[in-house]
Amino acid sequence: MGNQGPRFLIIDTCTERGIIAYGSKDRLLFEHELPFGLNQSTYLMPALMEALRPYGAVPELAAIGAGMGPGSYTGIRIGVAIAQALAYAWKVPLIGLPSLEGFIPSLPSVRFAAVLDARIGGLYFQRGASLLHEVRYEGLPQICPLEEAGRYLKEVP
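Nothing here was measured: the structure is a model prediction, and the numbers come from that model.

Describing the sheet that holds strand β2 (residues 19-24)
Working step 1: Taking strand neighbours across the sheet as the criterion, the 5 strands line up as β3-β2-β1-β4-β5 in an open arrangement whose pairing is mixed. In this open sheet, the two strands that pair with only one neighbour each are β3 (28-33) and β5 (94-97). Neighbour to neighbour, the strand axes of the sheet diverge by 15° on average, direction disregarded.
Working step 2: Inspection of the sheet shows strand β4 (residues 63-67) paired to β5 by 4 bridges, in the parallel sense. Considered in β5, the bridge of Gly65 is made with Ile95.
Working step 3: With respect to the sheet, helix α1 (residues 41-52) is in contact with β1 (7-12), β2 and β3, its orientation differing from that of β2 by roughly 25°.
Working step 4: Its contacts with the sheet put helix α2 (residues 73-90) on β1, β4 and β5, and the angle it makes with β4 is roughly 170°.

Written out as structure tokens, the structure reads:
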């Protein structure tokens, strides 16, 4: 697969900040943020086709990653359906990716909480710490009522 290692396509439309990206472990070849909002289905396929055009009709891929939430139910279905169709057509594995992991800080040695509006009077959140070359999560992603968010997130600076 070239001299840059295996390449991956990532599609995540679970949140209002949808993204598609293509690259290897060491090099991002493209990243495209979809227009902010809940109507990403309008923009996903045109953006994906434009982004992949330089890499051929069937790009060189080891796998496709799809955002699996938490987030908008419809957004999850749209991104996963497109990723699943491409993985099937191109005969590559499909891997589910937790969407909150896309919101962790890139700074070394910090405690963090990735937080998303759950739109039901609550928050989705994932706590953890980024260390020199790894990220450690404190449990699984959770949901909490807005009025209790301070209690759940009090240990995060």
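A short note on the nonpolar core
As a rule of thumb, nonpolar side chains are buried together in soluble globular proteins.
Working step 1: Ranked by size, the top nonpolar core spans 20 residues in total, and within it Leu9, Ile11, Ile20, Ile64 and Trp90 carry the most contacts.
Working step 2: A per-element tally of this core places α1 first, with 5 residues.
Working step 3: Leaving out residues up to four positions away in the same chain, Ile64 has contacts with Leu9, Ala83, Leu86, Ala87, Trp90, Val92, Pro93, Leu94 and Ile95.

The rules behind each value
Residues numbered from 1 in each chain as written. Predicted model: local features only at pLDDT ≥ 70, side-chain atom pairs only at ≥ 80, totals over all residues. Heavy atoms only, no water. Pairing = 2+ DSSP bridges. Helix = DSSP H or I, 4+ residues; strand = E, 2+ residues; numbered from the N terminus. Axes fitted to C-alpha atoms, helices over the stretch in contact; angles between N-to-C directions. Contact = heavy atoms within 4.5 Å. Core = buried A, V, L, I, M, F, W, Y, C linked by side-chain atoms within 4.5 Å. Buried < 20%, exposed > 50% of the residue type's maximum accessible area, 1.4 Å probe, protein only.

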